[in-house]
Amino acid sequence: MSATGQRSVWMVAVIAFLGAIGYVALRPPSQPSPASTPYAPTAVSNVNVPAVPDNPFVPSNPARIVPDGAGDWAMEGLNPARTRAVETPIAPPLDQQRVVVAASFEEGVSPPVIARGLILLETKDTLSAIDLRTGRQRWAYRQKGAYISPAVAGDTVYFRAEQANQGQLVALELSSGRQRWTFTPKRLSSSTNNYFGGHLTSPVVVDGVVYVGAGKELYALDAVTGKVRWEFSAQDFVTSSAAVADGRVFVSDFSYFYAIDQHTGALIWSYPAYSAVYFSSVATGDMVLISSGQSMIALDAGDGAKRWEKNIPGKALIPAGAQGDIVFVKTTNELFALDRSNGRELWSFRDVNYVSLPALTQQYVFVVNGMGASATVEAIDIATGASIWSQPVPQLATTAPVIAGRAIYVRTTDGRVIELLG
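Residues numbered from 1 in each chain as written. Predicted model: local features only at pLDDT ≥ 70, side-chain atom pairs only at ≥ 80, totals over all residues. Heavy atoms only, no water.

Mapped onto the elements of the fold, K216 is located in the loop between β12 (209-214) and β13 (217-222). Along the chain, K216 and D236 lie 20 residues apart, while their C-alpha atoms are 5.5 Å from each other. With residues up to four places along the chain from it excluded, the contact list for K216 reads R187, F232, S233, A234, Q235, D236, F237 and V238. (Helix = DSSP H or I, 4+ residues; strand = E, 2+ residues; numbered from the N terminus. Contact = heavy atoms within 4.5 Å.)

What follows is about the nonpolar core. Core analysis: the biggest nonpolar cluster contains 33 residues, and F366, I403, I408 and Y409 have the highest contact counts within it. Of all the secondary-structure elements, those providing two or more residues to this core are β2 (96-102), β4 (118-123), β28 (364-369), β29 (376-381), β31 (402-404), β32 (407-411) and β33 (416-421). If near-sequence neighbours (up to four positions away) are discounted, I408 is found in contact with I90, L94, F366, P401, V402, I403, I418, E419 and L420. L188, L200, V244 and V251 belong to the second largest nonpolar core, which has 32 residues in total. (Core = buried A, V, L, I, M, F, W, Y, C linked by side-chain atoms within 4.5 Å. Buried < 20%, exposed > 50% of the residue type's maximum accessible area, 1.4 Å probe, protein only.)

Taken in spatial order, the 4 strands line up as β15-β16-β17-β18 in an open sheet, and their pairing is antiparallel. Edge positions in the sheet fall to β15 (243-245) and β18 (267-272), since each of these pairs with one other strand and no more. Each strand axis lies, on average, 20° off the axis of its neighbour in the sheet, ignoring direction. Across 5 bridges, strand β16 (residues 248-252) lies against strand β17 (residues 256-261) in antiparallel orientation. Bridging across to β17, V251 finds its partner in Y258. (Pairing = 2+ DSSP bridges. Axes fitted to C-alpha atoms, helices over the stretch in contact; angles between N-to-C directions.)

Moving on to the packing of aromatic side chains. For the structure on display, the rule yields 12 aromatic pairs. Ring centres of Y211 and W230 lie 5.9 Å apart, and the angle between their planes is 45°; on these two criteria the pair is classed as tilted. Pair noted here: Y211 is in strand β12 and W230 is in strand β14 (residues 228-233), with a separation of 19 residues, a long-range link. Grouping residues by exposure puts Y211 and W230 together as buried. Each member of the aromatic cluster is reached from another via a ring pair, and the members are F232, Y256 and Y258. Here K216 stacks its cationic end above the ring of F237, 5.2 Å away from the centre of that ring. (Phe/Tyr/Trp six-rings, centres within 6.5 Å; stacked < 30°, edge-to-face > 60°. Lys NZ or Arg CZ within 6 Å of the ring centre and 35° of its normal.)

Moving on to the sheet that holds strand β19 (residues 282-284). Taken together, the 4 strands give an open sheet; going across it, the order is β19-β20-β21-β22, and neighbouring strands pair in antiparallel fashion. In the strand order of this sheet, the two ends are held by β19 and β22 (306-310), each with one partner. Across the sheet, the axes of successive neighbouring strands diverge by a mean angle of 25°, strand direction being ignored. Examined bridge by bridge, β19 and strand β20 (residues 287-292) share 3 bridges and lie antiparallel to one another. Across the sheet, residue V282 finds its bridge partner in β20, namely L289.

Averaged over all residues, the pLDDT of the protein chain equals 83, while 81% of them reach at least 70. Confidence over residues 1-69 falls short of pLDDT 50; this stretch has 148 contacts with residues more than four positions distant or in other chains. (pLDDT = per-residue confidence, 0-100.)

This brings us to the pairing of β20. For β20, a buried count of 6 out of 6 residues is recorded, marking the element as mostly surrounded by other parts of the structure. Side chains of β20 alternate between two faces, with M287, L289 and S291 and V288, I290 and S292 buried alike. Taken together, β20 and the strand that follows it, strand β21 (residues 295-300), pair antiparallel across an intervening segment of 2 residues, in which G293 is found at a positive phi of about 60°.

Under the criterion given, the structure shown has 18 salt bridges. A salt bridge links E76 to R84, with the nearest nitrogen and oxygen atoms 2.9 Å apart. R307 serves as the salt-bridge partner of D286, at 2.9 Å between the closest nitrogen and oxygen. Highlighted residues: D286 in the loop between β19 and β20 and R307 in strand β22, separated in sequence by 21 residues. For D286, a relative accessible area of 39% puts it in the partly exposed group. Given a relative accessible area of 35%, R307 falls into the partly exposed group. Through salt bridges with shared partners, one network takes in D155, E173, R178 and R180. (Salt bridge = Lys/Arg side-chain N within 4 Å of Asp/Glu carboxyl O.)

Have a look at this one:
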């Protein structure tokens, strides 16, 4: 089969997979209209104001409070390596619940980001900052588009907003929502590619630099000023958010997976791969986990050599996280734990409909399991794969759970964010 034919088949498979998976790390915008208006952000103080919860929560044990910054989930995947693994112990049962906030909701929104006592929430055409203790809105910033998983570093929040194939990366002051700078890439996707790939990716922030993909480029931006430090040109439209570890930035396009020098933007190595659109790689130790076609491949982070490959007939695998000597991959409705050294399957967890991306501790794997009325938050023993706790949540969304401090946070289809605490 020709390369073009292979891409067409793979694009169809990925579209079907994304439609089923529910959680989408980056949604392609609609085709631009000839009469589209110029892109113009607007900061506001009172739009889509979330309702103050009826049950504000005051912990009975002050030890449950983790100091600001120590237990944050500050970007998609938790950290620049996208491992989704925390060090804070959380022991089920999580039998205390509160509604942190109720807000306008659009299906397919990203998980909350939690940093410095604020929960950053994607609502309808608005990024809202909610005080985690009181449930009251601190600020809101209106801009059309989807705010897929903002990233917080220091006193700044960075998010991408895109609509009708126009978009920007926006930097706001975390405490007030005041705009600090915006960055507009030189191109996004293209009608020649049916607007598939090339969209603004979820930002990752490391050592004062913001890394974001758009079009066929990966940009390294100064976190304070938004100025371009370097720009890397890929062979094709970028298809994944970046992951960063040990001085390397990892990103993919339709044909290759790249390791790029974090400081200079120079190519270190590339690996031929048909990447899974919109899903970041996961860096763990001296390896990086990538999707290629329907396979999951472990590459040496230093030189790009293949360590091992995991295939499950009829299943499209994506990297899902890493904790210690265990790495995780998933399909729409299955989660697999693999031996990090050789890819051997240790256990699997399956639901007939859906299993989300995980949030990982050293002892447990937390997922959203099932869909609709049967959906639950599940705790799985990380060593055995046994389900040890399950909590139904009415109208639970398929958005992946996040961990901040001593609590799990999940979203619902009617706009609530639920905190689960032991």
